[in-house]
Every structure is written in C-alpha cells, then in structure tokens.
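Here are the chains, one letter per residue:
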Amino acid sequence: MECTYCGCSVEDHDPLYLSPTPGGDPTAQFCNYGCLSAHIDEADLTTGTTCQWSPES
C-alpha cells in the first residue's frame, strides 16, 4: 500500500491509516506522522477551520 503523500510503501515504515469512521476501511495512509503533517500543510487543510466554544452554548 502506497503512502498518500509520498508514494512509498507504508509497510516499510511506521504507518498511519485514516478512516472517516472508527474501525472503518482506510481512505488514506501515510508512512508516518511526518508525511501526514506535510500533506495537511501542502493541501492547506486547516485553512478556514475553527473550533468555537462559548459558555452560553
């Protein structure tokens, strides 16, 4: 299985498998946290996302 970010074989490293649901089939896989972090940065996945909390909520 190839890394979603770099294309290397994830089994040769310390892989992470991501799924939209707990225990679900992986939709993405990464060699390690470094590839996951680089993918997040390059795809600009955090832009426009926020968590808001208010004591009145």
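Below is a short write-up of the structure. (Residues numbered from 1 in each chain as written. Predicted model: local features only at pLDDT ≥ 70, side-chain atom pairs only at ≥ 80, totals over all residues. Heavy atoms only, no water.)

### Thoughts on the overall build of the protein chain
Inference 1: Helix and strand counts for the protein chain come out as one helix and two strands.
Inference 2: Relative to the 2.2 N^0.38 estimate, which gives 10 Å for 57 residues, the radius of gyration of the protein chain is 15 Å and therefore markedly larger than a compact globule would have.
Inference 3: In terms of overall dimensions, the protein chain has C-alpha extents of about 50 × 25 × 15 Å along its principal axes.
Inference 4: Across the 57 residues that make up the protein chain, the buried fraction comes to 16%. (Helix = DSSP H or I, 4+ residues; strand = E, 2+ residues; numbered from the N terminus. Rg over C-alpha atoms; globule rule 2.2 N^0.38 Å. Buried < 20%, exposed > 50% of the residue type's maximum accessible area, 1.4 Å probe, protein only.)

### Description of the environment of Asp 14
Inference 1: By secondary structure assignment, the location of Asp 14 is in the segment before strand S1 (16-18).
Inference 2: Considering only alpha carbons, one finds Asp 14 and Gly 34, 20 residues apart in sequence, at a separation of 10 Å.
Inference 3: Beyond its immediate sequence surroundings of up to four residues, Asp 14 is in contact with Phe 30, Cys 31 and Asn 32. (Contact = heavy atoms within 4.5 Å.)

### Some thoughts on the state of the cysteines
Disulfide: a covalent bond connecting the sulfur atoms of a pair of cysteines.
Inference 1: The tally for this structure, following the rule as stated, stands at zero disulfides.
Inference 2: Looking at the unpaired Cys 6, the closest cysteine sulfur is the one in Cys 8, lying at 3.6 Å.
Inference 3: Take Cys 31: it sits in no disulfide, and the sulfur closest to it among the cysteines is that of Cys 6, at 3.6 Å. (Disulfide = S-S within 2.5 Å.)

### Some thoughts on helix H1 (residues 33-42)
Inference 1: Its side-chain oxygen 2.9 Å from the backbone nitrogen of Gly 34, Asn 32 forms the N-cap of H1.
Inference 2: One or two positions beyond H1, positive phi appears at Asp 44, with a value near 55 degrees. (Polar contact = N/O pair within 3.5 Å; in protein donor to acceptor, adjacent residues only side chain to side chain.)

### What about unusual backbone geometry?
Inference 1: The phi torsion at Asp 44 lies on the positive side, around 55 degrees, for a residue other than glycine.
Inference 2: Asp 44 sits in the partly exposed class, given a relative accessible area of 46%.

### Focus: the side chain of Gln 29
Inference 1: With respect to the helices and strands, the residue Gln 29 is situated in strand S2 (residues 28-30).
Inference 2: A relative accessible area of 14% places Gln 29 in the buried class.
Inference 3: In terms of polar contacts, Gln 29 uses its side chain to reach the backbone carbonyl oxygen of Glu 2, at 2.8 Å.

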